[in-house]
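Here is what each chain is made of, one letter per residue.
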Amino acid sequence: MRSSGLSGWAWVKTDLRRRRLWAVSLCRVVVALTLVVSGFLKAVDPVGMRAKVDAYLTAWGLGLGVDSLLLRSGVLVLAVLEFMMGVQLLLGMRRRLTITLLVAFQTVMTALTTYLFFTDTVEDCGCFGTALTLTDGQTLLKNVVLLAMIFFISRHGRYVIRLVSERRQWLASLTSLCYVVALTLMAYHTLPAIDFGPYAVGTDLRQAYTAPDADTPALLTTLCLEDENGNDLTDSLLASKGKTCLLTLPRPQKADDGSVDRINDIADIAADSAFGFYAVVPQQTVDAEVSDWKDRSGGNYPTLKADPAQIDAMVRSNPGLVLIEDGKVCGKWSFNNLPATGGEHFGASQNTAAGRPHEALPKLVMWYIIPLLVVLLLDRLLIGKKFYQHYILRQHLKTKTMRKKIVAGNWKMNKTLQEGVALAEELNNVLAADKPNCDVVICTPFIHLAPVAGIINAEVIGLGAENCADKVSGAYTGEVSAAMVKSTGAQYVILGHSERRAYYGETAEILKEKVNLALENGLKVIFCIGEVLEERESGKQNDVVKAQLEGSLFDLSAEQMSNIILAYEPVWAIGTGKTATAEQAEEMHAFIRGVMADKFGAEVAENLSILYGGSCKPSNAKEIFAKPNVDGGLIGGAALKVADFKGIIDAWK
Ligand code: 13P
């Protein structure tokens, strides 16, 4: 059925995309899970896998021997590679790299299995470690299907949707890597965490040997333990009541002799408790090899011989220990993890080997799934936090649109009366022709105020002074009071400019007086704050700015604050061409708003316009004004040319 609102080609395209997404997702899950499972199974039983890989190599005349370090590391790398590629694909991480690796890996594997199919070199491919045996034909089919799926995925790579954020994908990768490496190393050090072999703990050997059914593995039914004289003792050993302990030595000459004292202790316990203790070596072992082991270990126990494949299957350790009780396997140990011999007996209660797959698998999967889920959940929560932050930002931008946007010019000590009037006139004409999107103010020297007030349209351009006196009136030669400024027609006054603080010694106390007088006379105050370079370099900018606010404005009421505009002007950026970055400006403006919110409450702070000043130009104004806490600019040099000033005003458009 067609989806509503879409017709013709648009619908076909959308539907096609949806179907592609499903197809890619399906292939992705199949390929990824196959890889994860095969990597996992290799990691669970690397010793068994080692033998399979060595069988390949031997068939090509490249056999390394199962004890070689190269082979051990090779199996670890193979398990890690498969597992990690599967996880990356499943979670949609490092898409391009993963897909490229996958194509290469699967192409090689398919070529290899095609060769095996036609040459019949080895019995089992070992794709799924020792857990699952496929015929050459099944393996080839599996690999061809996987290769086709991987090509399909690579062709439509963008449909592989990421399930963990790019920022935290390393954490998911690290969790997976630690898991698969730990699994392999632990299996090498002790025994496989899951026993896929026919001799798993709990197996009733007596039953399998005497009354096998169709499902009984051949390795059990054909078990043959012969003594040194060639007598088959299997029957009597499995039929005997009580315990029998087998010390398996798949390669006696390579057997680790680091734990021989513990082994001998166990043999002694066996002798004291009258149960059997035998070394089991491969049939082809020569007497010299057995004597060598006895010399090295100091052990004195009878030796049995068995098929090497059966010894390998019993326990993945050289030497290893298997405890049989009443014909049942009830314990297995690697030489690195032998049972305690403090007590008189040892038995099933001390067993550390894993059980059969259905017992061990759920626990093992949990060890991976739970940490991974924690990582994914954390990722989701942090993404949620990011959304929340965006929401707050949007709210800020909304309130910002409610705040007054202002571009104010500070002419400083520039322009003669005639030049100033001409500049104001030109600006007035330009803005009359193209209405600004913000409040525009020009702050001029005192001499310009009255004439400029007479020529500008007060609806479009506000007028302000650059200073006023800290006294009401009287014998203060050269000073101009707030009342006098107001009488010119001006509505604003700049106070606290860094140049006045620096060159005319205006302290926070003096400025406090000026602010009060300006407000009493109905002027709006553009109050400047900002740190010098050394203060920023020593990281004191916040303290400095906060102290300036506290010193001059903190005695005002919330109502008076509605006539205050703040201008953050980092002194190192004034007239230097060195602008603060938009981020630096935003950081400081947000800090200032926070300080004002703490003192006067959120409403006053949200309604307060905070301007940025310092080398503001048409080229950078837009980026700076776009920040949520920047409400405009206080412009010096660029306010002296109409084109530049207009360029900055237009940043609001
Ligand atoms: P400039 O824009 O020339 O850097 O001056 C800024 C200023 O001091 C405005 O008051």
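Note that this is a predicted model, so its numbers are computed, not measured. (Residues numbered from 1 in each chain as written. Predicted model: local features only at pLDDT ≥ 70, side-chain atom pairs only at ≥ 80, totals over all residues. Heavy atoms only, no water.)

## Quick look at the pattern of salt bridges
No. 1: One pass over the full model with this rule turns up 24 salt bridges.
No. 2: With a shortest N-O distance of 2.9 Å, Asp631 and Arg593 are connected by a salt bridge. Of the two residues, Asp631 is situated in the loop between α24 (618-625) and β13 (632-635) and Arg593 in helix α22 (residues 582-600); the sequence distance between them amounts to 38 residues.
No. 3: Asp631 gets classed as buried once you look at its relative accessible area, which sits at 0%.
No. 4: One connected set of salt bridges, linked through shared partners, spans Arg403, Arg593, Glu606 and Asp631. (Salt bridge = Lys/Arg side-chain N within 4 Å of Asp/Glu carboxyl O. Helix = DSSP H or I, 4+ residues; strand = E, 2+ residues; numbered from the N terminus. Buried < 20%, exposed > 50% of the residue type's maximum accessible area, 1.4 Å probe, protein only.)

## Quick word on helix α5 (residues 136-155)
No. 1: The first and last C-alpha atoms of α5 sit 28 Å apart over 20 residues, in line with the 28 Å expected at 1.5 Å per residue.
No. 2: Taken together, the buried positions of α5 are Asp136, Thr139, Leu140, Asn143, Leu146, Leu147, Met149, Ile150 and Ile153. (Expected span 1.5 Å × (residues − 1).)

## Notes on the site of the ligand
No. 1: Neighbouring the ligand are Asn410, Lys412, His497, Glu569, Ala573, Ile574, Gly575, Gly614, Ser615, Leu634, Gly636 and Gly637.
No. 2: One of the side-chain nitrogen or oxygen atoms of Asn410 is found 3.0 Å away from an oxygen atom of the ligand.
No. 3: For the ligand, an oxygen atom lies 2.8 Å from a polar atom in the side chain of Lys412.
No. 4: Out of a free accessible area of 310 Å², the ligand has 94% covered by protein chains.
No. 5: A class-by-class count of the residues in the shell around the ligand yields three nonpolar, seven polar and two charged. (Near = heavy atom within 4 Å. Polar contact = N/O pair within 3.5 Å; in protein donor to acceptor, adjacent residues only side chain to side chain. Areas by Shrake-Rupley, 256 points an atom, 1.4 Å probe, with all protein chains shown as cover. Nonpolar A, V, L, I, M, F, W, Y, C, P; charged D, E, K, R; others polar.)

## Side note on unusual backbone geometry
No. 1: A cis amide bond links Asn318 with the next residue in sequence, Pro319, at an omega value of 5°.
No. 2: With respect to the element layout, Pro319 can be found in the loop between α12 (308-314) and β4 (320-325).
No. 3: Its identity is not glycine, yet Ala274 carries a phi of approximately 60°, on the positive side.
No. 4: Locating Ala274 in the fold gives a position in the loop between α10 (260-272) and β2 (276-282).
No. 5: Its relative accessible area of 69% is what places Ala274 among the exposed residues.
No. 6: Its identity is not glycine, yet Lys415 carries a phi of approximately 75°, on the positive side.
No. 7: Looking at the element boundaries, Lys415 is found in the loop between β6 (406-410) and α14 (417-433).
No. 8: Residue Lys415 is classed as partly exposed on the basis of its relative accessible area of 31%.

## Remarks on the confidence of the model for the chain
No. 1: With 95% of its residues at a pLDDT of 70 or more, the chain has an overall mean of 91.
No. 2: Low pLDDT, under 50, characterises residues 1-7; the predicted model gives this stretch eight contacts beyond four residues in sequence or across chains. (pLDDT = per-residue confidence, 0-100. Contact = heavy atoms within 4.5 Å.)

## As for the layout of surface pockets
No. 1: The space that makes up the largest pocket amounts to roughly 1000 Å³.
No. 2: Every residue lining the largest pocket is counted, 38 residues in all, and those nearest its centre are Val47, Gly48, Ala51, Asp312 and Arg316.
No. 3: Elements that contribute at least two residues to the lining of the largest pocket include exactly α2 (46-59), α6 (169-189) and α12.
No. 4: If one sorts the elements of the lining of the largest pocket by residue count, α2 sits on top with six residues.
No. 5: Looking at the lining of the largest pocket residue by residue, the class counts come to 14 nonpolar, 12 polar and 12 charged. (1 Å grid on protein atoms, 1.4 Å probe; cavity = no way out; pocket = protein on both sides within 12 Å on 5 of 7 lines; lining within 4 Å. Points joined across faces, edges and corners; volume = space filled by probe spheres on them.)

## Considerations on the pairing of strand β10 (residues 524-529)
No. 1: Counting buried positions over the six residues of β10 gives five, a clear majority of the element.
No. 2: Here strand β9 (residues 492-495) runs beside β10; their pairing, made up of four bridges, is parallel. Along β10, the bridge assignment pairs Val493 with Val525.
No. 3: Here β10 runs beside strand β11 (residues 564-568); their pairing, made up of five bridges, is parallel. Within the sheet, the bridge partner assigned to Phe527 lies in β11 and is Leu566. (Pairing = 2+ DSSP bridges.)

## A look at the environment of Arg167
No. 1: Secondary-structure assignment places Arg167 in the loop between α5 and α6.
No. 2: The class of Arg167 is exposed, set by a relative accessible area of 66%.
No. 3: When the C-alpha atoms of Arg167 and Asp434 are compared, they prove to be 46 Å apart, with 267 residues separating the residues in sequence.

## Focus: the environment of Leu185
No. 1: Following the sequence through the fold, Leu185 ends up in helix α6.
No. 2: A relative accessible area of 44% means that Leu185 is categorised as partly exposed.
No. 3: In the structure, Leu185 is positioned 113 residues away from Arg72 in sequence and 10.0 Å away in space, judged by C-alpha atoms.

## A short note on helix α3 (residues 69-91)
No. 1: Helix length check: α3, at 23 residues, gives a terminal C-alpha distance of 33 Å against a target of 33 Å (1.5 Å per residue), a fit within 8%.
No. 2: Immediately beyond the C-terminal end of α3, within one or two residues, lies Gly92, with a positive phi of roughly 70°.

## Regarding the nonpolar core
No. 1: Counting residues in hydrophobic clusters, the biggest one holds 71 residues, and the most contacted among them are Phe527, Leu549, Ile564, Leu566, Ile592, Met596 and Phe625.
No. 2: Tallying contributions element by element places α22 first for this core, with seven residues.
No. 3: Counting residues in each nonpolar core, the second largest holds 31 residues, with Val36, Ala172, Leu183 and Ile194 among its members. (Core = buried A, V, L, I, M, F, W, Y, C linked by side-chain atoms within 4.5 Å.)

## Some thoughts on the side chain of Thr139
No. 1: Checked against the element boundaries, Thr139 lands in helix α5.
No. 2: Those residues in contact with Thr139, other than ones at most four positions away along the chain, are Thr113, Cys125, Cys127 and Leu134.

## Re the pairing of β4
No. 1: Of all six residues in β4, five are buried; the element is thus mostly enclosed.
No. 2: In this sheet, β4 lies alongside strand β1 (residues 243-248) in antiparallel orientation, the contact comprising six bridges. If you follow Leu247 over to β4, its bridge partner there is Leu321.
No. 3: Here six bridges tie β4 to strand β5 (residues 328-334), and the two strands are oriented antiparallel to one another. Bridge assignment links Ile324 to a residue of β5, and that residue is Val329.
No. 4: Between β4 and β5, which pair antiparallel and follow one another directly, the connecting turn spans two residues, one of which, Asp326, has a positive phi of 50°.

## Regarding the sheet that holds β5
No. 1: Strands sit in the order β3-β2-β1-β4-β5 across an open sheet of five strands; the sheet is mixed. Each having just a single partner strand, β3 (303-306) and β5 make up the two edges of the open sheet. Across the sheet, the mean angle separating the axes of adjacent strands is 30° when strand polarity is ignored.
No. 2: Relative to β3, β2 is paired through four bridges, and the arrangement is parallel. Each residue of the ladder has a partner; that of Val280, found in β3, is Leu304. (Axes fitted to C-alpha atoms, helices over the stretch in contact; angles between N-to-C directions.)

## Here we look at the packing of aromatic side chains
No. 1: Counted under the stated rule, the structure contains 10 aromatic pairs.
No. 2: Seen from their ring centres, Phe83 and Tyr368 are 5.3 Å apart, and the 65° between their planes marks the pair as edge-to-face. Note that Phe83 is positioned in helix α3 and Tyr368 in helix α13 (residues 357-402), a separation of 285 residues in sequence. This pair shows no difference in class: Phe83 is buried, exactly as Tyr368 is.
No. 3: Look at Phe554 and Phe600: their rings are 5.9 Å apart centre to centre, the planes differ by 85°, and that puts the pair in the edge-to-face class. Of the two residues, Phe554 sits in the loop between α20 (541-553) and α21 (558-561) while Phe600 sits in helix α22, which places them 46 residues apart along the sequence.
No. 4: With relative accessibility at 13%, the residue Phe600 sits in the buried group. (Phe/Tyr/Trp six-rings, centres within 6.5 Å; stacked < 30°, edge-to-face > 60°.)

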